[in-house]
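What the coordinates show
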Amino acid sequence: MQDAPAQAQKSEAGKPETLIEVRGLVSRFGERTIHDGLDLDVERGEVLGVVGGSGTGKTVLLNTIIGLKEPDGGEIRLFGNDRANLTKQQAADIEMRTGVLFQQGALFSSLSVLENVASPLVEHTDLPKSQIYELAEMKIAMVGLKPEARYLKPAELSGGMRKRVGLARALALDPELLFLDEPTAGLDPIGAAAFDELIRNLSDDLGLTVFMITHDLDSLYAICDKVAVLADKGIVAKAPVQELERSDHPWIKEYFLGPRGRAGQKAA
């Protein structure tokens, strides 16, 4: 395991450190342009929700930031490093400092919960197996799973348990930056609320920076410091929910001030 770099959390100007910088991003699939000149900053310690209508490219944006998709234009910087020009060491360092929870958990079906959570430690460290499993057990406990769950296979888990195992694996290397793709999708309201609380508590306790794609208004009100809105092929707003409620943008008004949005306000 590597200690987090002794990196200043604020710039010389006193502003929070920017961990993700997206400038002029262009994303295309064939003739279809998804993003055109998209700009976005994510600051250290921020819990950012990313919302947008169907087809606006929320997951495309996440995949491009983490390197699963090459951009068709523009620049992405993580921890100050240009993703297009990373050295092998810089790429390895970024991978160690980030964790990802994919929408369906993306667990290895043939491995137990313990083996799934331990897999990043096996891949990226030279620790003895006993210590790897001890650390994996700590992460399993951290996300609220009982010790006996460690021996189960993914097929034996409920949807909520799979999400928690995926989160434990995303946290295995003690990342600074956590990416979540629809973390509460498919969960019942009680399970979704519990997962929201878990993410907020982990963010506060571990000092995580969180980039979370979601359509869940309850999540936005419960745990997000700011929300970035994808529309018109770019980010049309980034602000706390309370500010977005006053926006004149048609999609934002419909999303936050429609019936579901009003219900989310009451629940907050």
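Residues numbered from 1 in each chain as written. Predicted model: local features only at pLDDT ≥ 70, side-chain atom pairs only at ≥ 80, totals over all residues. Heavy atoms only, no water.

**Comments concerning the packing of aromatic side chains**
Here the distance between the centres and the angle between the planes together describe a pair of aromatic rings. The tally for this structure, following the rule as stated, stands at three aromatic pairs. On the basis of an interplanar angle of 55° and a centroid distance of 5.5 Å, the ring pair of F179 and F211 is categorised as tilted. Of the two residues, F179 sits in strand β7 (residues 177-181) while F211 sits in strand β8 (residues 209-213), which places them 32 residues apart along the sequence. Since its relative accessible area comes to 0%, F179 is described here as buried. On the basis of an interplanar angle of 85° and a centroid distance of 5.0 Å, the ring pair of Y255 and F256 is categorised as edge-to-face. (Phe/Tyr/Trp six-rings, centres within 6.5 Å; stacked < 30°, edge-to-face > 60°. Helix = DSSP H or I, 4+ residues; strand = E, 2+ residues; numbered from the N terminus. Buried < 20%, exposed > 50% of the residue type's maximum accessible area, 1.4 Å probe, protein only.)

**Focus on the confidence of the model for the chain**
When the pLDDT values of the chain are averaged, the result is 89; 90% of them are 70 or greater. In this model, residues 1-9 is a region of pLDDT below 50 whose contacts with residues beyond four sequence positions or in other chains number 21 contacts. (pLDDT = per-residue confidence, 0-100. Contact = heavy atoms within 4.5 Å.)

**Topic: the nonpolar core**
In summary, soluble globular proteins display a tendency toward joint burial of nonpolar side chains. L167, L178, L180, L220, V227, L244 and F256 are the most contacted members of the largest nonpolar core, which has 50 residues in total. Filtering out sequence-adjacent residues up to four positions away, L167 remains in contact with L101, V143, L178, L180, F195, L198 and L202. Formed by 23 residues, the second largest nonpolar core is a distinct cluster that contains L19, L62, I65 and L177. (Core = buried A, V, L, I, M, F, W, Y, C linked by side-chain atoms within 4.5 Å.)

**Structural notes on the packing of helix α3 (residues 113-124) against helix α4 (residues 129-142)**
Viewed as axis vectors pointing N to C, α3 and α4 meet at an angle of 120°, and their least axial separation amounts to 9 Å. As the angle between them shows, α3 and α4 are arranged oblique. Between α3 and α4 lies a crossing of right-handed hand. Only I132, Y133, L135, A136, E137, K139 and I140 of α4 make contact with α3, whose side of the interface consists of V113, L114, E115, V117, A118, L121 and V122. When the residues that make up the contact of α3 with α4 are grouped by side-chain class, the tally is eleven nonpolar, no polar and three charged. (Axes fitted to C-alpha atoms, helices over the stretch in contact; angles between N-to-C directions. Parallel < 35°, antiparallel > 145°, perpendicular 65-115°, else oblique. Left-handed = near helix turned anticlockwise from the far one by under 90°. Nonpolar A, V, L, I, M, F, W, Y, C, P; charged D, E, K, R; others polar.)

**Considering the sheet that holds strand β6 (residues 98-101)**
Read across the open sheet, the six strands follow the order β6-β7-β8-β3-β9-β10; overall the sheet is mixed. Across the chains shown, the open sheet's two edge strands, defined by having one partner strand only, are β6 and β10 (234-239). The average undirected angle you get between the axes of adjacent strands in this sheet is 15°. Two strands pair when backbone bridges link them, and β7 and β8 are joined in this way by five bridges, in the parallel orientation. From the neighbouring strand, L178 faces β8, where its bridge partner is V210. Across the sheet, helix α5 (residues 159-170) lies against β6 and β7, angled at about 165° from β6, the strand it touches most. (Pairing = 2+ DSSP bridges.)

**Some thoughts on helix α9 (residues 250-257)**
Burial in α9 covers these residues: I252, Y255 and F256. The buried residues of α9 occupy an angular sector of 80° when the element is viewed end-on, so they sit on one face. Turned more than 90 degrees away from the buried face of α9 sit P250 and E254, all of them exposed. (Arc of directions from axis to C-beta.)

**Comments concerning the pairing of β8**
Counting buried residues in β8 gives five out of five residues, a clear majority hidden from the surface. Handedness of the crossover is the feature at issue here: the chain leaves β7, passes through helix α6 (residues 189-206), returns alongside β8, and the resulting connection is right-handed. (Right-handed = clockwise from strand over helix to strand, strands pointing away.)

**Observations regarding the pattern of salt bridges**
The full count for this structure, using the stated rule, is twelve salt bridges. Between K139 and D174 there is a salt bridge, with the nearest N and O atoms lying 2.4 Å from each other. Of the two residues, K139 sits in helix α4 while D174 sits in the loop between α5 and β7, which places them 35 residues apart along the sequence. The buried category is assigned to K139, whose relative accessible area is 7%. Each of E17, R44, D93, R97 and E176 takes part in salt bridges that share partners, so that together they form one network. (Salt bridge = Lys/Arg side-chain N within 4 Å of Asp/Glu carboxyl O.)

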